[in-house]
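If you want the building blocks of each chain, they are given just below.
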Amino acid sequence: MALVNVKKKVEKARSKLGLLPGEEVLGGCTTNPSGTMKRMLARELGGAIASAVAGRGVGEPVDGGVAAQFPSGQCFVCLTDRRMIVTNVSAMTGSPKQIVAEFPKDQILAIQADKGLAAMPLNIAFTDGSAVQVEGAKMSNPGGLVELFASWGTST
């Protein structure tokens, strides 16, 4: 079970976010820009060696296209029965502030996650061939988002 229940937080802020009438929030997770955990680890460990290790592979570039609309920074990524929404997150309360990007269901080709210790690299591919990689915070269950996406095409 996720320590951070993104679905519950988004549902609670439903009216503020302007979710569509009858739109069902199916689930979500917290994301950070790719490489965030590596940089945090380097700061904690300190020194040139840790910084050099942390600098490898940091940040996957967005391939343009639809993926260029994906915001940077900490976000909540949620699947609803109609679309994928991305909200920014309040640093003070940890609550969603506003929908900063939305992608219709038919624009998302795949959501995949790789294994990680504190974060899971989360790859989101779009039907126009563009893609973005972010880190899914493990405490918010990004693997659950991947599983949800797998059954998303069969839901109405």
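Residues numbered from 1 in each chain as written. Predicted model: local features only at pLDDT ≥ 70, side-chain atom pairs only at ≥ 80, totals over all residues. Heavy atoms only, no water.

A.B. asks: Sorry, what's going on with the sheet that holds strand β2 (residues 75–80) here?
C.D. replies: One open sheet accounts for 7 strands, arranged β4-β3-β2-β1-β7-β6-β5; its pairing is antiparallel. Strands with a single pairing partner mark the edges of an open sheet, and in this sheet they are β4 (96–104) and β5 (108–113). Between one strand and the next, the sheet's axes are offset by a mean angle of 35°, whatever the strand orientation. Sheet analysis places strand β6 (residues 119–126) next to strand β7 (residues 131–137), joined by 7 bridges and oriented antiparallel. In the sheet register, Ala119 faces β7, and the bridge partner there is Ala137. The strands touched by helix α5 (residues 142–152) within the sheet are β1 (25–33), β2, β3 (83–89), β5, β6 and β7, with β5 carrying the most contacts at an inclination of about 145°. (Pairing = 2+ DSSP bridges. Helix = DSSP H or I, 4+ residues; strand = E, 2+ residues; numbered from the N terminus. Axes fitted to C-alpha atoms, helices over the stretch in contact; angles between N-to-C directions. Contact = heavy atoms within 4.5 Å.)

A.B. asks: Which parts of the structure should I look at to understand the pairing of β2?
C.D. replies: Consecutive side chains of a regular strand alternate in pointing toward one face of the sheet and then the other. With 6 of 6 residues buried, β2 is to be regarded as a mostly interior element. Here β2 shows no split at all, with Cys75, Val77 and Leu79 on one side and Phe76, Cys78 and Thr80 on the other all buried. Inspection of the sheet shows β2 paired to β3 by 5 bridges, in the antiparallel sense. From the neighbouring strand, Leu79 faces β3, where its bridge partner is Met84. Count of turn residues in the β2/β3 antiparallel hairpin: 2 residues. (Buried < 20%, exposed > 50% of the residue type's maximum accessible area, 1.4 Å probe, protein only.)

A.B. asks: Looking at this structure, how should I read the side chain of Gln133?
C.D. replies: With respect to the helices, strands and loops of the structure, Gln133 is situated in strand β7. Owing to a relative accessible area of 16%, Gln133 belongs among the buried residues under this scheme.

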